[in-house]
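Read off the chains here:
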Amino acid sequence: MSVSPVKTPEVMSYEGSGYKKDFWEGKGRDYEDRVERIAIRRLIPPTGKRLLELGAGFGRLTDLYEGYEQVIVLDYSHSLLQDAQARLGKNDRYVYVAANLYQLPIADGVCDAATLIRVIHHISDVPSVLKQIRSALTPNAVFVLEYANKRNFKAILRYLLRRQRWNPFNREPVEFVKLNFDFHPAFMAEALNGTGFTTQRRLAVSYFRLGVLKRLIPTSVLVTLDKWLQPTGGMAAYAPSIFTKNLAEGSSPAGNFDGPLFKCPACGATDLAHQEDRLTCEVCEAQWAICDGIYDFREPLK
Ligand SMILES: C[S@@+](CC[C@H](N)C(=O)[O-])C[C@H]1O[C@@H](n2cnc3c(N)ncnc32)[C@H](O)[C@@H]1O
């Protein structure tokens, strides 16, 4: 049987990008990294069975999930996953998966936590990705989602001074550069609610992400101020970055941790025969490569 490729929305490719070197290393973003870590620690349960780190990149934040028995490190970029593997090592605690968020190869109800940090701004069809994530989670699993907030103070000021055309108060996502979106908190709340999540907590993060402040004020001071301000996000979310803690709705308490971990992204079957260099779907016969310890579900083998 041949496998017809499923059309998904366009993916922002980081393949071969210098995301680690060009964006983080020595680039004056210690403040952002530190406040994001504080926010995640506040929202994610410290221990659990299996955490799904979606759009993990080079594994910048993966050390935060040490309390989980297993972490699925998933990203579309094979080269960033290789960086993550070099950082975290090849062992059973980490499962490296190259896959598209629009077509997740994770079996239903097999993870009790998930994170999506600095990723959803590349997603044009938010509900379809949130549905995929919800399916991979057990009821009551915690899903920590970060999104770029279009209704932030800087955008509001620029709009009032007529230096920006789009309206930060309008609910629709704004694509300010191709495949880069900012979202209104009301839009994201509705999208989460409509895809089987209940938002429990919201933090306003990174208020001081301004070059001039970062140059003039010591990072530790900005981090402390940010830490104090984060909880105000529940009432007033005007920071550039919003972190949310969401519970997967559903009644069955049991997780499915001992069954198959993957499903075929082409047909959804979980009957995947494991050979050394590939997984073969026993239902649609699609084959998915395993290369240097990375499962590759982006395109079936020809
Ligand atoms: C800005 S980086 C963030 C990486 C990491 N979460 C962090 O905070 O350091 C965005 C990541 O999302 C991944 N990504 C974007 N679209 C994706 C998609 N459709 N499926 C899977 N990964 C995707 C990119 O490959 C990239 O690694």
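Going by the structure above, here's the rest.
In this report, the structure presented in the accompanying data block is examined. (Residues numbered from 1 in each chain as written. Predicted model: local features only at pLDDT ≥ 70, side-chain atom pairs only at ≥ 80, totals over all residues. Heavy atoms only, no water.)

**Details of a nonpolar patch on the surface**
Part 1: A contiguous nonpolar patch, built from L210, V212 and L216 and spanning about 280 Å² of accessible area, is present on the exposed surface.
Part 2: Structurally, L210 can be placed in the loop between β8 (197-205) and α7 (211-216).
Part 3: Look at L210 and you get partly exposed, because its relative accessible area is 33%. (Patch = residues over 30% accessible without salt bridge, like charges linked within 9 Å, V, L, I, M, F, W, Y side chains within 5 Å. Areas by Shrake-Rupley, 256 points an atom, 1.4 Å probe, with all protein chains shown as cover. Salt bridge = Lys/Arg side-chain N within 4 Å of Asp/Glu carboxyl O. Helix = DSSP H or I, 4+ residues; strand = E, 2+ residues; numbered from the N terminus. Buried < 20%, exposed > 50% of the residue type's maximum accessible area, 1.4 Å probe, protein only.)

**A word on the pairing of strand β5 (residues 137-148)**
Part 1: Counted residue by residue, β5 has eleven buried out of twelve residues, so it is predominantly covered.
Part 2: Pairing of strand β4 (residues 111-116) with β5, which is carried by five bridges, proceeds in the parallel orientation. Residue pairing across strands places C111 opposite L137, the latter belonging to β5.
Part 3: On the question of chirality, the crossover connecting β4 to the parallel β5 by way of helix α4 (residues 126-136) is right-handed.
Part 4: When β5 meets strand β9 (residues 241-248), the two strands line up antiparallel, connected through seven bridges. Counterpart to A148 in the pairing with β9 is S241. (Pairing = 2+ DSSP bridges. Right-handed = clockwise from strand over helix to strand, strands pointing away.)

**Regarding the nonpolar core**
Part 1: Of all hydrophobic cores here, the largest spans 88 residues; its most connected members are I120, I133, F143 and F262.
Part 2: Among the elements that make up this core, the one with the highest residue count is β5 (seven residues).
Part 3: Excluding its chain neighbours within four sequence positions, the residues that come into contact with F143 are A114, T115, L116, L130, I133, L137, L192, F197, T244, K245 and N246. (Core = buried A, V, L, I, M, F, W, Y, C linked by side-chain atoms within 4.5 Å. Contact = heavy atoms within 4.5 Å.)

**Thoughts on the packing of aromatic side chains**
Part 1: Counted according to the given criterion, the structure contains 14 aromatic pairs.
Part 2: Arranged with centres 5.8 Å apart and planes meeting at 55°, the rings of Y19 and F58 form a pair that is tilted. One end of the pair, Y19, is in helix α1 (residues 19-24); the other, F58, is in the loop between β1 (48-54) and β2 (68-75), with 39 residues separating them in the sequence.
Part 3: Judged by relative accessible area, Y19 falls into the buried class, the value being 18%.
Part 4: Measuring from ring centre to ring centre gives 6.4 Å for Y31 and F208, while their planes differ by 55°; the resulting arrangement is tilted. Of this pair, Y31 sits in helix α2 (residues 30-43) while F208 is found in the loop between β8 and α7, placing the two residues 177 residues apart along the sequence. This pair shows no difference in class: Y31 is buried, exactly as F208 is.
Part 5: Cluster of aromatic residues (ring-pair linked, three or more members): Y14, Y19, F23, W24 and F58.
Part 6: Seen from the ring of Y238, R151 lies directly overhead, with NZ or CZ sitting 4.4 Å from the centre.
Part 7: Here the basic side chain of R298 rests over the ring of Y76, its NZ or CZ set 5.6 Å away from the ring centre. (Phe/Tyr/Trp six-rings, centres within 6.5 Å; stacked < 30°, edge-to-face > 60°. Lys NZ or Arg CZ within 6 Å of the ring centre and 35° of its normal.)

The analysis is restricted to geometry; functional conclusions fall outside its scope.
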